[in-house]
Amino acid sequence: MDKPVLYIVVPCYNEEEVLHETTKRLTEKMNKMIAEGNISGESRIMYVNDGSKDKTWDIISEYYEKNPLVTGLCLSRNRGHQNALLAGLMTAKEYADAVISMDADLQDDVEAVDRFVEEFKKGSDIVYGVRSSRKKDSFFKKHTALMFYKIMEKMGVEIVYNHADYRLMSKRALEGLAEFKEVNLFLRGIVPMIGYKSSTVSYERDKRFAGESKYPLKKMISFAVDGITSCSVKPIRMITSAGLIISFLSVILLIYVIVGHFMGNTVQGWPTLMVLICFFGGFQIMSIGIVGEYVGKIYMETKERPRYIIKDKLLK
Ligand code: UDP
Ligand code: MG
């Protein structure tokens, strides 16, 4: 494909502070690529307003009027980053040959777009943006992120190291993605399951241009837990293994107690008993909690509730 139609999907939640700069940079980039004949003139930027409480949607509508490249979707309410992204991808796939997803805060390097398209033209259906380093992250974010990837790997979830949601997907890869109906959406875990030829593009991830992160610690933890539990059942297996090991140990303990009884040792060890009771009490509750996490997921999946509802569409 010589001049693919490229859509850049950008989920936005309370991003009024960054939208002007983002639009400026994306428009410059796209116009340049169109002028150079790298992409089709039908290419567009697609903002997805994820139920913002600030002026985000007004700004998007304004740009829609005056900037020929800008289109927009407005969700009926806040549904979270992953669902907003999905809404954009599913809408854009109807018009585009390839879609790039990008954050609104300019952390994802706009200059890398050329290389994404190059890889796409070379035949990749999925191109992952991978961070070359984490120099600009805070100490805390760096280490929690590292832990996240380690745990995911241990849990057998196939995800691309240091890749967030900056990626290009071809039309047929998006059609593949549309077949995944799950409500508990963890795109980074699902995308590698689609298959097709993939490649990576490395880029330097910048600091947020303005405004604050929409992922506070609480959301980050629940994102990580969701990621693991919606892609892997290993935690349940681990409980089973732990249960087996504990049963085995208790048989040994039982033999020890019986032998001790016949050897005439008097009963003692109230502290040991208490420690064991507390330990197993806690362990059992935690195990039930982990199983419950899955039961909750099943509950949500069986309801098959819509993942997003689009209130307004500004397309052209
Ligand atoms: N975002 C969204 N809905 C939400 C939270 C975030 O659409 O409920 C968007 C946000 O506008 C941004 C992207 O998701 O474009 C990533 O969010 P953010 O930059 O705050 O996350 P961080 O980079 O701190 O992980
Ligand atoms: Mg960000």
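What you see is a predicted model; the values in this text were computed from it and never measured. (Residues numbered from 1 in each chain as written. Chains lettered and ligands numbered in written order. Predicted model: local features only at pLDDT ≥ 70, side-chain atom pairs only at ≥ 80, totals over all residues. Heavy atoms only, no water.)

## A look at the packing of helix α1 (residues 19-35) against helix α2 (residues 56-66)
Reasoning step 1: Contact geometry of α1 with α2 gives a least axis separation of 11 Å together with a crossing angle of 30 degrees. The angle between the axes of α1 and α2 places the two elements in the roughly parallel class. In this structure, the crossing between α1 and α2 has a hand that is right-handed. Contacts from Leu 19, His 20 and Thr 23 of α1 reach α2 at Thr 56, Ile 59, Ile 60 and Tyr 63.
Reasoning step 2: Here the residues of the contact of α1 with α2 are counted per class, giving 4 nonpolar, 3 polar and no charged. (Axes fitted to C-alpha atoms, helices over the stretch in contact; angles between N-to-C directions. Helix = DSSP H or I, 4+ residues; strand = E, 2+ residues; numbered from the N terminus. Parallel < 35°, antiparallel > 145°, perpendicular 65-115°, else oblique. Left-handed = near helix turned anticlockwise from the far one by under 90°. Contact = heavy atoms within 4.5 Å. Nonpolar A, V, L, I, M, F, W, Y, C, P; charged D, E, K, R; others polar.)

## As for the environment of Asn 162
Reasoning step 1: Among the secondary structure elements, Asn 162 is positioned in the loop between α5 (139-154) and β6 (163-170).
Reasoning step 2: Taking the C-alpha atoms as reference points, Asn 162 and Tyr 256, 94 residues apart in sequence, are found 50 Å from one another.
Reasoning step 3: Once you skip the residues sitting within four places of it in the chain, Asn 162 turns out to touch Gly 129, Val 130, Arg 131, Arg 134 and Tyr 149.

## Notes on the site of ligand 1
Reasoning step 1: In the region of ligand 1, 19 residues are neighbours, and Glu 15, Asp 50, Gln 107, Ser 213 and Lys 214 sit closest.
Reasoning step 2: Between ligand 1 and the protein, one listed contact pairs an oxygen atom with a backbone N or O atom of Tyr 13 at 2.8 Å.
Reasoning step 3: One of the side-chain nitrogen or oxygen atoms of Asp 50 is found 2.6 Å away from a nitrogen atom of ligand 1.
Reasoning step 4: Alone, ligand 1 offers 530 Å² of accessible surface; in the complex the protein occludes 94% of this. (Near = heavy atom within 4 Å. Polar contact = N/O pair within 3.5 Å; in protein donor to acceptor, adjacent residues only side chain to side chain. Areas by Shrake-Rupley, 256 points an atom, 1.4 Å probe, with all protein chains shown as cover.)

## Side note on the state of the cysteines
Two cysteines, two sulfur atoms, one covalent bond between them: this is a disulfide.
Reasoning step 1: Scanning the model with the defined rule gives 0 disulfides in all.
Reasoning step 2: The cysteine Cys 12 is free of any disulfide, with Cys 74 supplying the nearest cysteine sulfur at 11 Å.
Reasoning step 3: Residue Cys 12 is classed as buried on the basis of its relative accessible area, which comes to 1%.
Reasoning step 4: Cys 74 sits in the buried class, given a relative accessible area of 3%. (Disulfide = S-S within 2.5 Å. Buried < 20%, exposed > 50% of the residue type's maximum accessible area, 1.4 Å probe, protein only.)

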